[in-house]
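Inside the fold
Here are the chains, one letter per residue:
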Amino acid sequence: MDDEWRTRITQALRVEAEKGFPNLQGNRYRFAEFLALTFSEPAPPHLPAQERNLWSLLPTLYRRYDYLPPEERAHLVHRTRHLIEPAPAPKTPPKKNRSMPVGLADPLTALAGIGPKFALQLERLGLKTVGDALRYYPRDYVDYSRRTTIKQIKEGESVTLMGKVRRVNCFTSPRNKKLTILDLTVGDGSGQMKVSQFFRGQQFAHIGWQQKLKQGYPIGATVALSGLVKTSKYGLTLDKPEIEVLALDGDIHSNTIGRIVPIYPLAEGVSVTVVREAIRACLPAAHALQDYFPQSWLTRLDLPSLPQALLDIHFPEDSAHGDRARRRIVFEEFFFLQLGLLLRREERRRVERGQAVPFQTQGALIEQFYHMLPFQLTRAQQRVIAEVLDDLSAPKPMNRLVQGDVGSGKTVVAVAAILAALQSGYQAAFMAPTEVLAEQHYRKLVAWFALMHQPVELLTGSTRSGPRREMLRQLATGELSVLVGTHALIQQTVQFYNLGLVVIDEQHRFGVGQRAQLQHKGRNPDLLTMTATPIPRTLALTLYGDLDVSEIDELPPGRQPIQTTILTPQQRAQAYQFCAREIAQGRQVYVVLPLVEESEKVDLRSALEEHHRLQHEVFPQLRVGLLHGKMKSAEKDLVLTQFRQHQLDILVSTTVIEVGVDVPNATVMLIEHAERFGLAQLHQLRGRVGRGAAQSYCLLMHYTQSEAAQQRLQVLVNFQDGFAIAEMDLRLRGPGAVLGTRQSGLPDLALSSLSTDQQTLTLARQEAQHLLQRDPALKDHPLLHQEVQRRLEKQLGAQVLN
Ligand code: ADP
Ligand code: MG
């Protein structure tokens, strides 16, 4: 067993345990699949026979992981951890000595009052050392002073109550084997109330599991209940109550824990009292900690010291102290994240890329271009172009992302950059993810560049070999200065004479490797990436913190907002009538179908069926075309050309039209099953219309009863601005969902929220930048240096699963 392998597995096991055994999804495998695969290898020979036996069983056990009740998952993970632990060096257990201060790295068992039994419980939460425990933040608090009593509550109120468990029962519904119910009766002196929790799924019908669950709520335990008051047949109760056990045996002593009680994330079989007491026992170690932020910073930023923040995050005197502690810890998380990203960027610049040639950003070509433009640049465009040209004139290679909504005018920015390269004697490459898009860019560039006598060519998979050979020859000699294209640009045979600038449109559609391949065709070329799927600034800074981000947050004047309507299937006939009316006025319509991810065949069938239905049953007198992902690119081009030339009235399409199709005469976008799309994607689709002078419409047909889903669609009705929509999506669905496949690399933030802590993030980034300007190698800040390294390593470790 080599150490790297062991580290990977250990990490996987630790993370899975920390998250409460959900069978985490990694990039390629779910946790259990990953383990099943890993242990399919033969066991190492040095293991004792018994252990080797277990090893050989693990693949089977992990294949059943999804069906195991939580406590068996915990046990399996625990057992696996033991199996791969390196043989322990024999040593005598350290004596517990109350007068010796404990340090962060000390095991929890070094604390008085924590024996091996408790330590084992804590380990299930991933807590092994004093440092782990201090950083195990509460997920919530119950405020003693704000509670109400059972007698006082009224229907419709949101309340927090505290009381003692009088009765507890757990059973599977006799009528429905998939429904298990936990009933608690709680009294608080003023009265009593029955609350229920429901567990859906056959796995909860397990009697052992139910016993365990009941044991979590022993008679006499103090619990906090919160939720919305509603009426049931047993009188007033709480709807979907949150139930927190505050103390297993009787009273909580308010003099020992203050009026605000921390609520910790727990796992099966871990007692709340043990966690709380262990953390309290660690607090003296917090007192002894040295802050890595200098006192002057704390004063300037109005943050509590590290020891104070750790005390107050766990046991705040009041909510103001708790808030301050949280602010410090959030700042710290973001600060080290940004510092790490910025350090990594500098490192990469030093090692990989070195110097770049400064371009001439004032010159004949750019001036000529400004004069040729038939419109005035928006202020946002001017600002972003200035940012780009600033980068280009510096001797460091540019690495900048331009975010801007569909139609915000990103192409102009790209052109300005390309011209700066040309007038400095360098070549430029412009890559886009689809042929449609590449061709569109090409057409725009040709129109402008022809007037300036600058040659441009287009290279895609469909470029024929004759023209292609000639193009590549001219590229290698430098006769050809600008090449636009698709992935075809990456191929080996494409050789530049002196590539100085790489522009990549819809950058998130390319892998890091593909971007790098194109860059390596030049010596430290500048890199400009663009995206029309803007992500909120917090996410951009967190994910792409090692590049610079510009935002075109303004549309050219005169664009009409697109009228957006949410429809149910019952309103389908009306929707079709509306389309027919627009078509009668000479307009065109898109009908977009969602992908059904499990099967391309199903997708294809549904597209074919819908096309057939619309052409033959709904609009027999109109011309309906079909576009889907399985078509050859020549076929796609044909259909798109027909649509562009108005030989089709309606285009039925899967989401392949998401980027790059530009048909100004199309005024209606009808999206089927809108609830299956992310907001950003819907916004992209909507951007296919509203490209001409006429009023355009977006119809969102949904098939969901879920209020949350409908609320999400409503965001599209209310907002036209892609940045605002992305912000809302982040708030409603969280960063993972917003980023979709881009989420790998999202850091594990213990306390901070990317949707609500924006200001702190911006502040933290500024502070990190200022620090590095003053002290690039952190020579004068050894404590900060040490801490950022520690966190970087931890973060890399946590990414192993992904
Ligand atoms: P994006 O790539 O950001 O979606 P484009 O660069 O394709 O947007 O620009 C969309 C359209 O708006 C193009 O027809 C372009 O010529 C036009 N356009 C760009 N900037 C302006 C401006 N400042 N004023 C008016 N029209 C503009
Ligand atoms: Mg564009």
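Residues numbered from 1 in each chain as written. Chains lettered and ligands numbered in written order. Predicted model: local features only at pLDDT ≥ 70, side-chain atom pairs only at ≥ 80, totals over all residues. Heavy atoms only, no water.

Right, let's get into the confidence of the model for the protein chain. This prediction gives the protein chain a mean pLDDT of 84; 90% of its residues lie at or above 70. Within the model, pLDDT remains below 50 along residues 89–94, and this stretch shows 0 contacts once partners closer than five positions in the same chain are excluded. Note that pLDDT drops below 50 for residues 798–802; the model gives that stretch 13 contacts with residues more than four away or on any other chain. (pLDDT = per-residue confidence, 0-100. Contact = heavy atoms within 4.5 Å.)

Around ligand 1 sit 15 residues, and of these Q376, G407, K410, T411 and K444 come closest. The separation between a nitrogen atom of ligand 1 and a polar side-chain atom of Q381 is 2.9 Å. In this structure, an oxygen atom belonging to ligand 1 sits 2.9 Å away from a side-chain N or O atom of R559. Here ligand 1 loses 76% of its free accessible area of 560 Å² to cover by the protein chains. (Near = heavy atom within 4 Å. Polar contact = N/O pair within 3.5 Å; in protein donor to acceptor, adjacent residues only side chain to side chain. Areas by Shrake-Rupley, 256 points an atom, 1.4 Å probe, with all protein chains shown as cover.)

Let's shift gears to the nonpolar core. Y62, Y65, L108, F293, F335 and L339 are the most contacted members of the largest nonpolar core, which totals 93 residues. Among the elements that line this core, the one with the most residues is helix α12 (residues 319–353), at 12 residues. Residues within four places of Y65 in sequence aside, it is in contact with E16, F21, N23, F31, A32, R73, L76 and V77. (Core = buried A, V, L, I, M, F, W, Y, C linked by side-chain atoms within 4.5 Å. Buried < 20%, exposed > 50% of the residue type's maximum accessible area, 1.4 Å probe, protein only. Helix = DSSP H or I, 4+ residues; strand = E, 2+ residues; numbered from the N terminus.)

Approximately 1,100 Å³ is the volume found for the second largest pocket. Taken together, 42 residues make up the lining of the second largest pocket; nearest its centre are V406, G407, S408, R559 and R691. A per-class count over the lining of the second largest pocket returns 14 nonpolar, 18 polar and 10 charged. Taken together, domain 4 (372–552) and domain 5 (563–719) each give at least three residues to the lining of the second largest pocket, which thus spans both. (1 Å grid on protein atoms, 1.4 Å probe; cavity = no way out; pocket = protein on both sides within 12 Å on 5 of 7 lines; lining within 4 Å. Points joined across faces, edges and corners; volume = space filled by probe spheres on them. Nonpolar A, V, L, I, M, F, W, Y, C, P; charged D, E, K, R; others polar. Domains from an automatic or database assignment.)

What follows concerns the packing of helix α9 (residues 272–287) against helix α11 (residues 306–314). Where α9 contacts α11, the axes come no closer than 9 Å and their chain directions differ by 165°. The angle between the axes of α9 and α11 places the two elements in the roughly antiparallel class. As α9 packs across α11, the resulting crossing turns out to be left-handed. Between α9, through I279, L283, A286 and H287, and α11, the contact on the second element is made entirely by P307, L310, L311 and H314. Classifying every residue of the contact of α9 with α11 by side-chain character gives 6 nonpolar, 2 polar and no charged. (Axes fitted to C-alpha atoms, helices over the stretch in contact; angles between N-to-C directions. Parallel < 35°, antiparallel > 145°, perpendicular 65-115°, else oblique. Left-handed = near helix turned anticlockwise from the far one by under 90°.)

The sheet built from 5 strands is open, its strands ordered β4-β3-β2-β5-β6 with antiparallel pairing. Pairing within the sheet leaves two strands with one partner each, and these edge strands are β4 (192–200) and β6 (235–247). Neighbour-to-neighbour, the strand axes of the sheet open up by a mean angle of 40°, direction not taken into account. As paired strands, strand β5 (residues 222–232) and β6 are joined by 10 bridges and run antiparallel to one another. The residue bridging L228 from the neighbouring strand is D239, located in β6. Each of β2 (158–172), β3 (179–187) and β4 touches helix α7 (residues 207–215); the most contacted strand, β2, lies at about 150° to it. (Pairing = 2+ DSSP bridges.)

When strand β10 (residues 456–459) meets strand β11 (residues 482–485), the two strands line up parallel, connected through 4 bridges. Its bridge partner being in β11, L458 is matched across the sheet by V484. Between the parallel elements β10 and β11, the chain passes through helix α17 (residues 465–477) in a crossover that is right-handed. (Right-handed = clockwise from strand over helix to strand, strands pointing away.)

Once that is clear, we can look at the environment of P107. By the secondary structure assignment, P107 is in the loop between α4 (70–84) and α5 (116–124). As for P107 and T129, which are separated by 22 residues in sequence, their C-alpha atoms are 4.2 Å apart. When residues no more than four places from it in sequence are discounted, the contact partners of P107 are K128, T129 and V130.

Residue alternation in β11 divides its side chains into two sets, V482 and V484 and L483 and G485, and both sets are buried. Across 4 bridges, strand β9 (residues 427–431) lies against β11 in parallel orientation. Looking at β11, one finds that A428 is bridged to V482.

This brings us to the sheet that holds strand β17 (residues 624–627). Strands sit in the order β15-β20-β19-β16-β18-β17 across an open sheet of 6 strands; the sheet is parallel. In this open sheet, the two edge strands, each paired with only one partner strand, are β15 (563–567) and β17. The average undirected angle you get between the axes of adjacent strands in this sheet is 20°. Lying over the sheet, helix α23 (residues 679–686) contacts β15, β16 (588–592), β19 (666–671) and β20 (697–701), oriented at roughly 150° with respect to β19. Relative to β15, helix α24 (residues 707–718) is tilted by about 160°, and along the sheet it contacts β15 and β20.

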